[in-house]
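Structural characterization, general
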Amino acid sequence: MKKLASILIVLLLGLTFAQVNFPLTIVEANGVELTFDAPPERVVCLDFLCMQNMAFLDIPPLALGEALMIPAADPAFFGEAAEDIESVPSRPDIDWEAVAALEPDLIMGWRGWRETAEVIAPFYAHFYGDDTLESYTIDLRLTAALLGVDEAEIESRIQPVFDRADAYAESIPQDLFIMITFPRDDRGSEWRSNPNYSTCGVLEAFGSCPSEFENGNVSIEGMLELNPDVLVIENYDNVELNQILEALDDDPLWPELNAHNSERILALPVQIARPDNMISLQLWLDTVLPAIYPDIFPDGPLTDEQVQEILAENQ
């Protein structure tokens, strides 16, 4: 099996760093060169990847898009520091006047926002990767350098996550068909497979996923045709999801799913459901895999000591 750690790629578009020195010039997803004399301190995050990367680096942004705001008590992200993060109205559209009023020195997000955002401040557009978790480290590493985090520090954070992924992959059979999805309407009759970014490249280390339905709608009939062994549902709203699941109990096709019969249907918060960045991968590993393999992980998530023991045994 190809180990995640062994195929970690660092594609920094010519940027190399050990200790980050400023002025610093990087090239982002639009091919635009950005030069900074010092690490930006007033960062506005407008997409999940920015939020997740900064959380992984323990650097709270100045502001998050309203749709990204998370509970202050959520240990996955900024903890108590979340209470001090500003909220920028972003639904249905970003309130650019509110962004400008914050006087940011960097805005990060989807490339389609460049034209408007760069009128306010320097804008970094994310790459979003190419169906492998390794490619998501491009943005993470660039973000780290941009914020003044040196190479030794970022490596000390990244490597343990890949070690943990390798240890889990060595511990489980590779024969489960995993589907990550979320309901598309209040009847639960349509779903979207692997939303926003594809995670199939990541899931190959732990099973397989329905690539033929990547980023597309699939009905309950289509889901039954795929018949995943594990169904991970992104939970955006507990009340709405509960209503959908209750309605599905009356659907004659629902009990025919392998995932239903094996009790491998998991409803998880959006920040855990998709392993498409470093922070969500670690949460996904410690949440999803012990839940679908309770016989292999009877005591819950692997400890750091167990991770190292498993890696040593398989060298």
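That block above? That's the structure.
Residues numbered from 1 in each chain as written. Predicted model: local features only at pLDDT ≥ 70, side-chain atom pairs only at ≥ 80, totals over all residues. Heavy atoms only, no water.

1. Some points on helix H12 (residues 304-313)
Residues spaced three or four apart along an α-helix face the same direction, because each turn holds 3.6 residues. Those residues of H12 that sit buried are Val307, Ile310 and Leu311. Relative to the axis of H12, the buried residues are bounded by an arc of 100° and lie together on one face. Facing away from the buried side of H12, by more than 90 degrees, are the exposed residues Glu305 and Glu313. Next to the buried residues of H12 lie helix H5 (151-171). (Buried < 20%, exposed > 50% of the residue type's maximum accessible area, 1.4 Å probe, protein only. Helix = DSSP H or I, 4+ residues; strand = E, 2+ residues; numbered from the N terminus. Arc of directions from axis to C-beta. Contact = heavy atoms within 4.5 Å.)

2. Digging into the sheet that holds strand E3 (residues 43-45)
Read across the open sheet, the 5 strands follow the order E5-E4-E3-E6-E7; overall the sheet is parallel. Each having just a single partner strand, strand E5 (86-88) and strand E7 (123-125) make up the two edges of the open sheet. Across the sheet, the mean angle separating the axes of adjacent strands is 25° when strand polarity is ignored. Note that E3 and strand E4 (residues 63-65) share 2 bridges and pair parallel. Within E4, the residue paired with Val44 across the bridge is Ala63. Against the sheet, helix H1 (residues 48-56) contacts E3, E4 and strand E6 (106-109), and its axis sits at roughly 125° relative to E3. (Pairing = 2+ DSSP bridges. Axes fitted to C-alpha atoms, helices over the stretch in contact; angles between N-to-C directions.)

3. Observations regarding the environment of Ile158
Tracing the backbone through its elements, the reader meets Ile158 in helix H5. As a C-alpha pair, Ile158 and Leu140 span 18 residues in sequence and 9.4 Å in three-dimensional space.

4. Details of the state of the cysteines
Counted under the stated rule, the structure contains 1 disulfide. The disulfide partner of Cys45 is Cys50, and the S-S distance across this bridge is 1.9 Å. Given an S-S torsion of about -55°, the disulfide between Cys45 and Cys50 has left-handed geometry. For the pair Cys45 and Cys50, a shared accessibility class is recorded, and that class is buried. (Disulfide = S-S within 2.5 Å.)

5. As for a negative patch on the surface
Taken together, the side chains of Glu80, Glu83, Asp84 and Glu86 make up a negatively charged region of the molecular surface. Counting through the fold element by element, Glu86 comes out in strand E5. (Patch = residues over 30% accessible without salt bridge, like charges linked within 9 Å, V, L, I, M, F, W, Y side chains within 5 Å. Areas by Shrake-Rupley, 256 points an atom, 1.4 Å probe, with all protein chains shown as cover. Salt bridge = Lys/Arg side-chain N within 4 Å of Asp/Glu carboxyl O. Lys, Arg positive; Asp, Glu negative; His and termini not counted. Charge placed at Lys NZ, Arg CZ, Asp CG, Glu CD.)

6. Some remarks on the pairing of E6
Burial of E6 is two-sided: the residues Leu106 and Met108 facing one way and the residues Ile107 and Gly109 facing the other way are all buried. As judged from the 3 bridges shared by E6 and E7, these two strands associate in the parallel manner. Within E7, the residue paired with Met108 across the bridge is Tyr124.

7. Thoughts on the pattern of salt bridges
For the structure on display, the rule yields 8 salt bridges. Across the pair Arg114 and Glu118 runs a salt bridge, and its minimum N-O distance is 3.0 Å. Judged by its relative accessible area of 43%, Glu118 is partly exposed. When salt bridges with common partners are traced through the structure, they connect Glu28, Arg114 and Glu118 into a single cluster.

8. Topic: the packing of aromatic side chains
In total, this model carries 4 aromatic pairs according to the counting rule given. Ring geometry for Phe77 against Phe78: centres 6.4 Å apart, planes inclined by 40°, an arrangement best described as tilted. What makes Phe77 buried here is its relative accessible area of 6%. Aromatic side chains Trp110 and Trp113 sit 6.0 Å apart centroid to centroid with 85° between the ring planes, which places their arrangement in the edge-to-face category. Just above the ring of Tyr293 sits the side chain of Arg264; from NZ or CZ to the centre is 5.7 Å. (Phe/Tyr/Trp six-rings, centres within 6.5 Å; stacked < 30°, edge-to-face > 60°. Lys NZ or Arg CZ within 6 Å of the ring centre and 35° of its normal.)

9. Remarks on helix H11 (residues 278-292)
For H11, built from 15 residues, the straight-helix expectation of 21 Å at 1.5 Å per residue is met to within 8% by its first-to-last C-alpha distance of 21 Å. Where H11 bends most, the angle comes to about 30°, and this point is Trp284. Every buried residue of H11 is accounted for by Met278, Ile279, Ser280, Leu281, Trp284, Leu285, Val288, Leu289, Pro290 and Ile292. By the N-cap criterion, in which a side-chain oxygen at the helix start approaches the backbone nitrogen of a residue two or three places on, H11 is capped by Asn277, the distance to Ile279 being 3.1 Å. (Expected span 1.5 Å × (residues − 1). Bend = angle between axes of the 7 residues up to and from the residue. Polar contact = N/O pair within 3.5 Å; in protein donor to acceptor, adjacent residues only side chain to side chain.)

10. Section: the nonpolar core
Among the nonpolar cores identified, the biggest contains 71 residues, and Phe78, Phe206, Trp284 and Leu289 are the most heavily contacted of them. If near-sequence neighbours (up to four positions away) are discounted, Trp284 is found in contact with Ile178, Ile180, Leu203, Phe206, Ile272, Ala273, Arg274, Pro275 and Leu289. Grouped together as the second largest cluster of nonpolar side chains are 15 residues, Val44, Leu62, Leu102 and Ile107 included. (Core = buried A, V, L, I, M, F, W, Y, C linked by side-chain atoms within 4.5 Å.)

11. A look at the side chain of Asn227
Its location among the elements puts Asn227 in the loop between helix H7 (220-226) and strand E11 (230-235). Only 2.8 Å separates the side chain of Asn227 from the backbone nitrogen of Asn258, close enough to count as a polar contact. In this view, Asn227 contacts Phe177, Glu256, Leu257 and Asn258; residues no more than four positions away in its chain are not counted.

12. As for the packing of H1 against helix H4 (residues 133-146)
For any two helices packed against each other, one specifies the crossing angle of their axes together with the interaxial distance. For the pair H1 and H4, the least separation of the axes is 10 Å and the interaxial angle reads 60°. Taken together, H1 and H4 sit at an angle that is classed as oblique. Where H1 crosses over H4, the two elements pack in a sense that is right-handed. Residues Leu49, Asn53 and Phe56 of H1 form the contact with H4, whose participating residues are Tyr136, Asp139, Leu140 and Thr143. Residues of the contact of H1 with H4, tallied by class, amount to 4 nonpolar, 2 polar and 1 charged. (Parallel < 35°, antiparallel > 145°, perpendicular 65-115°, else oblique. Left-handed = near helix turned anticlockwise from the far one by under 90°. Nonpolar A, V, L, I, M, F, W, Y, C, P; charged D, E, K, R; others polar.)

Geometric descriptors of this kind do not, in isolation, establish any biological role.
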